[in-house]
Amino acid sequence: LKSFLKFKLYLHKLNLIEAKLENMFPSGYPVLCSSGRAAINIALSFKNQNRLNLIGVNTFTSHCVLDAIARIATPIRWDPENKNIKMRLIYHQWGYTQKEKISINTIDDCVDTLCEKGTELFPTSKDFEIWSLPKILGTSSGAILWCKDKNVAEKIRNNIRIRGGGFYCWILRILSLLNKNFYWIWQGIEAQKGSLSKIEILEINNAIDNWEFIVKDRKIKL
């Protein structure tokens, strides 16, 4: 939480931060939301998925991802022979891009991939790519749902305002560091929310302003 205490003492508007991200990565349109699991839920909801739809996932997909998918559709282990799978979540772990040819709609799960400025997005998807900011920048919360289409991004931004979340969910997430019971409460509601509080926005903006330093530091450590 040390970096959390180093905020610039002025408010940032969400749309200005998203514009900053768009300038850094011009191949997509960013939508800031509260977590990767919320981003998955939002993307599947926008694609009008439901429990009758099978979503292909990796064999060892984490429980939080399965939970986020299952609140909208039905996750199942990816099998190219299963013609009932109409959509797939593809995990590009630590920046190692999956190169197999995909003939169905996909969502690029790049939650732990730190990209240099200007990196081309959407390695397989025609719609969405997801980044988790705690995993790549070390923030306490936040995610980016990258959209291929500008109009889609704007519609999703409007939907997130309706979904809510914000400060209440963030407080539960922070309290979960002290007591695991708060985590289970947060886990139960977070995927269905998605909006950010002003405190989270300040922290995310501070991390984004240090993007090049974080990339350089990561290279040194590697």
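Keep in mind that this is a model prediction, so the values were computed, not measured.

Reading the values: the criteria
- Residues numbered from 1 in each chain as written.
- Predicted model: local features only at pLDDT ≥ 70, side-chain atom pairs only at ≥ 80, totals over all residues.
- Heavy atoms only, no water.
- Helix = DSSP H or I, 4+ residues; strand = E, 2+ residues; numbered from the N terminus.
- Contact = heavy atoms within 4.5 Å.
- pLDDT = per-residue confidence, 0-100.
- Buried < 20%, exposed > 50% of the residue type's maximum accessible area, 1.4 Å probe, protein only.
- Arc of directions from axis to C-beta.
- Expected span 1.5 Å × (residues − 1).
- Polar contact = N/O pair within 3.5 Å; in protein donor to acceptor, adjacent residues only side chain to side chain.

J.: Can you walk me through the environment of T139 in this structure?
T.: Take T139: it is sitting in the loop between α4 (133-137) and β7 (143-147). Sequence spacing of T139 and K155 is 16 residues, and the spatial spacing of their C-alpha atoms is 26 Å. The contacts of T139, once residues within four sequence positions are left out, are L133, P134, E203, I204 and A207.

J.: I keep staring at the confidence of the model for the chain and nothing clicks. Help me out?
T.: Regions with low pLDDT carry predicted coordinates that are not meant to be interpreted in detail. Put simply, the chain has an average pLDDT of 90, and 95% of its residues get 70 or more. Between the elements of the chain, mean pLDDT differs from a low of 88, seen in helix α7 (residues 180-190), to a high of 98, seen in β7. A low-confidence stretch, residues 4-11 (pLDDT under 50), is modelled with 13 contacts involving residues beyond four sequence positions or located in other chains.

J.: Looking at this model, I keep getting lost on helix α9 (residues 211-221). Mind explaining?
T.: Because an α-helix completes one turn every 3.6 residues, residues spaced three or four positions apart along the sequence face the same direction. Looking at α9, one finds that the buried residues are W211, I214 and V215. Down the axis of α9, the buried set is contained in an arc of 100 degrees. They therefore lie on one face. Pointing more than 90 degrees away from the buried face of α9 are the exposed residues E212, F213, K216 and I220. On the buried face of α9, the contacting elements are α1 (14-24), β6 (128-132), α4 and α8 (198-209).

J.: How should I be thinking about the side chain of S132 in this particular structure?
T.: Among the structural elements, S132 can be located in strand β6. Discounting chain neighbours no more than four positions away, the residues touching S132 are V111, G142 and A143.

J.: Explain helix α5 (residues 150-163) here, please?
T.: Between its terminal C-alpha atoms α5 stretches 20 Å, which fits the 20 Å expected from 14 residues at 1.5 Å a residue. For α5, every residue scored as buried is listed here: V152, A153, I156, R157, I160 and R163. For α5, the buried positions fall inside an angular range of 140 degrees around the axis, keeping them on one side. In α5, the exposed positions angled more than 90 degrees off the buried face are occupied by N151, R161 and I162. Those residues of α5 hidden inside the fold are in contact with α1, β1 (29-33), α2 (36-46), β6 and β7. Two or three places before N151, at the opening of α5, D149 has a side-chain oxygen 2.8 Å from that residue's backbone nitrogen. G164 sits one or two residues past α5 and shows a positive phi near 80 degrees.

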